[in-house]
Amino acid sequence: MPIRTASARWQGNLTEGSGTIRTGKGGFEGPYSFKSRFEEGEGTNPEELIGAAHAGCFSMAFSKALADAGFTPTSVETTAQVHLDKTEAGMTVTRIDLDTVGAVPGIDEAQFAKLAEGAKANCPISRLLSPGADISLTARLSA
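On a predicted model such as this, the values are computed, not experimentally measured, just so you know. (Residues numbered from 1 in each chain as written. Predicted model: local features only at pLDDT ≥ 70, side-chain atom pairs only at ≥ 80, totals over all residues. Heavy atoms only, no water.)

> I keep staring at the pairing of strand E4 (residues 75-87) and nothing clicks. Help me out?
Two faces belong to every sheet, and in a regular strand the side chains alternate between them. As judged from the 13 bridges shared by E4 and strand E5 (residues 90-103), these two strands associate in the antiparallel manner. Looking across to E5, one finds that His 83 is bridged to Arg 95. (Pairing = 2+ DSSP bridges. Helix = DSSP H or I, 4+ residues; strand = E, 2+ residues; numbered from the N terminus.)

The structure is reproduced here in structure tokens:
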């Protein structure tokens, strides 16, 4: 398997500095700052990127689980809300709430929910993050 890379450059002190985050193959490049991370400033932040990675990984894992069970999804859309909280150890990602909506012809709610939970458990990013962060999942079939 290939090794994936990303990079970041930071200039200045913590509260007044700024930086750029980029993925190795150039698919994403964006600014980040103290304000974009801890306030509501322009740009991205590491937690959003973790959320994007988790949502993308889960959506792919869920699509595979659905296909392995004989269902072809039309779409799987996932949002990840990453909670960054101050703990005794310092700023910590404590929880990630996954919310997924799938358009999957022929599946019932119970089977959909079961496969979604399995995908959450087997997604490589969930496995990476779950020892330190609580991961919740809300899974719904689209109307």
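Okay, back to it.
> Even after reading the chapter, I still don't get the packing of helix H2 (residues 46-68) against helix H3 (residues 109-122), so can you show me in this structure?
Relative placement of two packed helices is described by the angle separating their axes and the distance separating the axes. In the contact formed by H2 and H3, the axes pass within 9 Å of each other and the chain directions differ by 130°. In terms of orientation, H2 and H3 fall into the oblique class. H2 and H3 meet at a crossing whose hand is right-handed. Residue-level inspection shows Phe 58, Ala 61, Phe 62, Ala 65 and Leu 66 of H2 in contact with H3, the latter providing Phe 112, Leu 115, Ala 116, Ala 119 and Lys 120. (Axes fitted to C-alpha atoms, helices over the stretch in contact; angles between N-to-C directions. Parallel < 35°, antiparallel > 145°, perpendicular 65-115°, else oblique. Left-handed = near helix turned anticlockwise from the far one by under 90°. Contact = heavy atoms within 4.5 Å.)

> Quick question: what am I supposed to make of the sheet that holds E5 here?
To summarise the sheet geometry, strands pair through backbone hydrogen bonds and adopt either a parallel or an antiparallel arrangement. Reading across from one edge, E4-E5-E6 is the order of the 3 strands in this open sheet, with mixed pairing throughout. Here the strands that pair on one side only, and so sit at the sheet edges, are E4 and strand E6 (134-141). The average angle at which neighbouring strand axes cross in this sheet is 15°, direction not considered. Strands in contact with H2 are E4, E5 and E6; relative to E4, the strand with the most contacts, it is inclined by about 140°.

> For this particular structure, what's the right way to read the pattern of salt bridges?
Where charged atoms of side chains with opposite charge meet at close range, the side chains can pair. Throughout the structure, instances matching the rule amount to 6 salt bridges. Glu 47 is the partner of Arg 37 in a salt bridge, and the nearest nitrogen-oxygen pair spans 2.6 Å. Taken as a pair, Arg 37 in helix H1 (residues 34-38) and Glu 47 in helix H2 lie far apart in primary sequence, 10 residues in all. Exposure remark for Arg 37: the relative accessible area of 33% places this residue in the partly exposed category. The exposure class of Glu 47 is buried, given its relative accessible area of 8%. With its nearest N and O atoms 3.0 Å apart, the salt bridge here joins Arg 95 to Asp 97. On the basis of relative accessibility, which here comes to 33%, the residue Arg 95 falls in the partly exposed class. Take Asp 97: its relative accessible area is 15%, and that puts it in the buried class. (Salt bridge = Lys/Arg side-chain N within 4 Å of Asp/Glu carboxyl O. Buried < 20%, exposed > 50% of the residue type's maximum accessible area, 1.4 Å probe, protein only.)

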